[in-house]
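Close look at the chain arrangement
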Amino acid sequence: MSPDRAYRWLMEAGAASSRDGFDLHLVASVLAVAIAQAEAEGASLAQTSGLDRTTLSALARDLFPGAAGLLVEMTGGDSPAPESEESAVRDILLIYASGGIDFIRPLATLIARRCQEPHHLWQDLGLRNRGELSLLMERHFPRLKARNSADMKWKKFLYRMVCASEGFALCPAPVCSDCDDFASCFGTEEGVAQLSHACREERI
């Protein structure tokens, strides 16, 4: 299933959900790219999303009741145990989260798993642009968004937070402005979105 098709299917399945339109769009985007990746790589949705069967089932019943059964079938068992780096990113997100834990915990798990992919985080989450990622952070992780006051790229920022929590420096430069890699941390995040979000405006 292509990311676009998966996104449309999920948004249609979420028509009966009482969840806010942006949150539907957000999770549909992440799951759409995870579904497409799982199919392309012969992996399970648990592997590409980070969500086990129980967690995905509960999330699907809340957001996408019309697709819950098939999503659980796609899960393919339990997610592999996360690497320590992935767990640390998830824990940082949860520390700074705001909102109901039943939604925030799987959201943080999704973000942490997708952080392991090689592109900009907004692309690996299936979002249209970095602005949508900023809105996600402002809405669900506002204290973390406030800490990223210099607007560092989100993957760089999250890993920097992980390193700080574990007691070592990510970069030897005393301040970012003195670093030779400044552009890689603070430059633009241009790129092509992984899906078109054809029905996005209908629900948001």
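That block above? That's the structure.
Overview of the structure.

What counts, and where the lines are drawn
Residues numbered from 1 in each chain as written. Predicted model: local features only at pLDDT ≥ 70, side-chain atom pairs only at ≥ 80, totals over all residues. Heavy atoms only, no water. Axes fitted to C-alpha atoms, helices over the stretch in contact; angles between N-to-C directions. Helix = DSSP H or I, 4+ residues; strand = E, 2+ residues; numbered from the N terminus. Parallel < 35°, antiparallel > 145°, perpendicular 65-115°, else oblique. Left-handed = near helix turned anticlockwise from the far one by under 90°. Contact = heavy atoms within 4.5 Å. Buried < 20%, exposed > 50% of the residue type's maximum accessible area, 1.4 Å probe, protein only. Arc of directions from axis to C-beta. Nonpolar A, V, L, I, M, F, W, Y, C, P; charged D, E, K, R; others polar.

**Focus on the packing of helix α4 (residues 53-63) against helix α5 (residues 68-75)**
Two elements in contact, α4 and α5, have axes whose closest approach is 9 Å; the angle formed by their N-to-C orientations is 160°. In terms of axis orientation, α4 runs roughly antiparallel to α5. Read as a crossing pair, α4 and α5 show a hand that is right-handed. From α4, Arg53, Leu56, Ser57, Ala60 and Arg61 reach across to α5, where they touch Ala68, Leu71, Val72 and Thr75.

**Some remarks on α5**
Owing to its 3.6 residues per turn, the α-helix brings residues three or four apart onto one side. All of the buried residues along α5 are Ala68, Leu71, Val72 and Thr75. Projection of α5 onto a plane perpendicular to its axis shows the buried side chains occupying an angular sector of 100°, all on one side. Looking at the buried side of α5, the elements it contacts are α1 (3-13), α2 (21-41), α3 (45-49) and α4. Of the residues flanking the end of α5, it is Gly76, one or two places downstream, whose phi is positive at about 75°.

**Looking at the packing of α1 against α2**
Closest axis-to-axis distance for the α1/α2 pair is 8 Å, and the angle between their directions is 140°. By the angle class used here, α1 and α2 are oblique. For the element pair α1 and α2, the recorded crossing hand is right-handed. For the pair α1 and α2, contact is made by Pro3, Ala6, Tyr7, Trp9, Leu10 and Met11 and by Leu24, His25, Ala28, Ser29, Leu31, Ala32, Val33, Ile35 and Ala36, respectively. Counted by class, the contact of α1 with α2 contains 13 nonpolar, two polar and no charged residues.

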